[in-house]
Amino acid sequence: MKKFKTESKKLLDLMINSIYTNREIFLRELISNASDAVDKLYFASLTDKDIQLNRADLRIVVSSDQDSRTVTVSDNGIGMTKEQLDLNLGTIAHSDSLAFKSDNSEAQGGDVDIIGQFGVGFYSAFMVASKVRVVSRAYGHDETWAWESNGVDGYTITAAERSEHGTDVILTLKDNTDEESYDEFATEYGLRNLIKRYSNYVRYPVMMEVTKTREVARPADDAEAAEGDAVELQPEYETYTEFDTINSMIPIWKRRGTDVSQEEYNEFYKSDFHDFSDPACTFTVHAEGALSYDALLFIPSRAPYDLYSKDYKKGLALYSSNVLIMEKCEELLPDYYNFVRGVVDSQDLTLNISRETLQHNSQLRAIARRIEKKVTAELKKMLENDREEYERFFDNFGRGLEFGIYNSYGMLKGELADLLMFYSAKQEKLVTFAEYVEAAPADPKVIYYACGDSVERLRKLPVVQSVLSRGYDVLLCTKDVDEFCFQAMMTYGEGDDARELKNVASGDLALASDDEKAAAAETAKAHESLFAAMKDDLGGEVERVTVSARLTQPDEAPACITAEGPLSLEMERIMAQMPDAAGMRSQRVLELNAAHPVFAKLAAAQEAGDADKVRLYADLLYNQALLIEGMPIDDPVAFANAVTQLM
């Protein structure tokens, strides 16, 4: 027995137990090695006219024997001599494929795609196997040699038999334990799943003997007898096996767009991403240069049920040379585009030794930036060309876009603001910020909005009606993230065209005329004692009581609640639902409509010194205003009793 070269026992133990975290990738590594062996032979046929080769005959075969608990991966590639077996398998971390790739980099062209880099993929077999036997015959040689090892001490190389060039890798599976079962790797179902999952797009056929069912043809005599007796014969079936190609070979993202129909894209999306609906949008990215890659991306037509849960995991499937590396590479998508599905395939990625993660995130960041720009461009195109589809998209995924702006403290508003849509109270439809500005007066440079739980309730709010009555539009926002997004944005547009985003339930809206402001100030001064008494009666619930400059007509509401400072009423309402938000209150202001008959009653009660009536009216008006705003009142029973007392 030969000992492994280098510090064999320690290094081999590292290969088997530390580098790889997922034992099922052993088949991916062995099939990738087999593909490299076939590629080397095909390359040799391109440069050596004496090698007569039909590419259609090149293949990889996977088989298993459940009785002997073996799994075999065979290829008819270039094979190995005795010396090559000793060098490639006896020296850990020696990669013959990497050396071949380096020596022939200029001559390979697009017809050869070497996968191996590190020379350790083969040893992943020892994660599932107690013994590995490699039988190989090099092309153009008559001798066959077998390398065998238990993956512990060393290996043997002995003469063997093989009828043609190529290599068989035969794994004897480990015994099952209470914690681990290895039997699944010897089943037809288990092997097919692993091939489809990790090696579906290897460029050569990966074949298996698979079990199928067919109807048994009945003898003519039986059919005639049954017809004469008017008896309906039940069909009989039999099982049989035949060799079948398991993998798809050519990935759909490597085919020219003109050669792929939308129906094929749809079927690929539904099959690979487990959705029963066609995608809303399909697009591709093809990049060549220092970092070459292909990407096929989809925007779903509906949100998955767990999109906004903590268990949802974003990411694109990452392939390297058509071999799956990561099912969901999170680094390829920003959080606000977490709904995008698709694949990225690049042979230029610098993978780590296990191929399960990447060594240089700069490569991923470069791809991610390009993908992000492409997604943004496609969404803008959908908004311009298919308004109905985009509105459905925004209903499903708009919350994530707004969260992207909020989470970046407004830094991303330049990229994402034009993708947002809100219901226009004036136009009675969804509009973008740009469409709001286009339809709005030049001054004031403000975009007015109101936040709440429904469009129907918001449009009835006194603060909304007061803005609409002056000829200005109001965006009615019903998502819980809307207010936070607007607070982070602060403005929409740039330079002199920038417009402030202002909640209609906030302080001064700059809509009152000078005469209205003067009249409000005069009334407030004349009733200072009334407002002071009402503030005291409300026991610190409000910062102040004042005359409203926004409610000025007798037929408008008698009072409304507004908020001063950074925390709006809507933000308070949402944060009150969070577990750690106790005590967070907005700076509330009770605004009274001086033109409403109720105000005259209040003033009369104050003049008459009827403090109880002032207190009763103050509580009623305050709680009524809270209910209209959708805010909870502290004591519903007291409010009901007050209404009864007034009646």
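In this report, the structure presented in the accompanying data block is examined. (Residues numbered from 1 in each chain as written. Predicted model: local features only at pLDDT ≥ 70, side-chain atom pairs only at ≥ 80, totals over all residues. Heavy atoms only, no water.)

A few points about the nonpolar core
Counting 77 residues, the largest nonpolar core has Y337, Y390, F393, F433 and Y448 as its most contacted members. The element best represented in this core is helix 8 (residues 361–385), accounting for 7 residues. Among residues more than four places away in sequence, those in contact with Y337 are E372, V375, T376, L379, L401, L416 and L419. One finds V169, Y198, M208 and V343 within the second-largest nonpolar core, a separate group that totals 56 residues. (Core = buried A, V, L, I, M, F, W, Y, C linked by side-chain atoms within 4.5 Å. Buried < 20%, exposed > 50% of the residue type's maximum accessible area, 1.4 Å probe, protein only. Helix = DSSP H or I, 4+ residues; strand = E, 2+ residues; numbered from the N terminus. Contact = heavy atoms within 4.5 Å.)

Describing the sheet that holds strand 15 (residues 422–424)
Consider a sheet: its strands pair through backbone hydrogen bonds, and that pairing is either parallel or antiparallel. Reading across from one edge, 16-15-18-17-20-19 is the order of the 6 strands in this open sheet, with mixed pairing throughout. The sheet is open, and its two borders are formed by strand 16 (429–431) and strand 19 (491–492), each paired with just one other strand. Where strand 17 (residues 446–451) lies against strand 18 (residues 475–477), 3 bridges are found, and the strand directions are parallel. If you follow A450 over to strand 18, its bridge partner there is L476. Packed on one face of the sheet, helix 14 (residues 482–489) meets strand 15, strand 17, strand 18, strand 19 and strand 20 (499–503) and runs near 155° to strand 17. (Pairing = 2+ DSSP bridges. Axes fitted to C-alpha atoms, helices over the stretch in contact; angles between N-to-C directions.)

Things to note about the packing of helix 2 (residues 26–47) against helix 5 (residues 188–198)
Closest axis-to-axis distance for the helix 2/helix 5 pair is 9 Å, and the angle between their directions is 65°. As far as their axial angle goes, helix 5 and helix 2 are roughly perpendicular. For the crossing formed where helix 2 meets helix 5, the hand is right-handed. Here F26, L27, R28 and I31 of helix 2 come into contact with helix 5, specifically with L191, L194, I195 and Y198. Of the residues assigned to the contact of helix 2 with helix 5, the class counts are 7 nonpolar, no polar and 1 charged. (Parallel < 35°, antiparallel > 145°, perpendicular 65-115°, else oblique. Left-handed = near helix turned anticlockwise from the far one by under 90°. Nonpolar A, V, L, I, M, F, W, Y, C, P; charged D, E, K, R; others polar.)

Thoughts on the pattern of salt bridges
A complete count under the given rule lists 35 salt bridges for this structure. For the salt bridge of E148 with K131, the shortest nitrogen-to-oxygen distance reads 3.7 Å. Placement of E148 in strand 5 (residues 144–149) and of K131 in strand 4 (residues 129–137) is noted, with a sequence separation of 17 residues between them. A relative accessible area of 22% places E148 in the partly exposed class. Across the pair E238 and R214 runs a salt bridge whose closest N-O atoms are separated by 2.9 Å. Of this pair, E238 sits in strand 9 (residues 237–245) while R214 sits in strand 8 (residues 206–215); the two residues are 24 residues apart in sequence, bridging distant segments of the chain. On the basis of relative accessible area, E238 is assigned to the partly exposed category, the value being 33%. Accessibility expressed as a relative area gives 39% for R214, which makes it partly exposed. Several salt bridges converge on common partners, so that one network encompasses R23, E180 and E184. (Salt bridge = Lys/Arg side-chain N within 4 Å of Asp/Glu carboxyl O.)

Considerations on the packing of aromatic side chains
Counted according to the given criterion, the structure contains 30 aromatic pairs. An angle of 65° between the planes, with centres 6.2 Å apart, marks the rings of W253 and F268 as edge-to-face. Taken together, the positions of W253 in the loop between strand 9 and helix 7 (262–272) and F268 in helix 7 put the pair 15 residues apart, joining distant regions of the chain. Geometrically, the ring pair formed by F403 and Y406 is tilted, given 6.1 Å between the ring centres and 55° between the ring planes. With a gap of 3 residues between them, F403 and Y406 both fall in helix 9 (residues 387–407), about one helical turn apart. Under the relative-accessibility criterion, Y406 is labelled partly exposed at 35%. (Phe/Tyr/Trp six-rings, centres within 6.5 Å; stacked < 30°, edge-to-face > 60°.)

Re the side chain of N338
Counting through the fold element by element, N338 comes out in the loop between strand 13 (323–329) and strand 14 (341–345). If we ignore the near neighbours within four places in the chain, the residues touching N338 are L307, Y312 and K314.

Looking at helix 8
Taking 1.5 Å per residue as the helical rise, helix 8 with its 25 residues ought to reach 36 Å, and the 36 Å between its terminal C-alpha atoms agrees with that figure. Listed as buried for helix 8 are Q363, L364, I367, A368, I371, V375, T376, E378, L379, M382 and L383. (Expected span 1.5 Å × (residues − 1).)

Focus: unusual backbone geometry
In this structure, P444 follows D443 across a cis peptide bond, with omega equal to -5°. With respect to the helices, strands and loops of the structure, P444 is situated in the loop between helix 11 (433–439) and strand 17. A positive phi is found at N322, a non-glycine position, where the angle reads about 70°. As for its position among the elements, N322 is in the loop between strand 12 (316–320) and strand 13. With phi around 55°, E428 is a residue other than glycine that occupies positive phi space.

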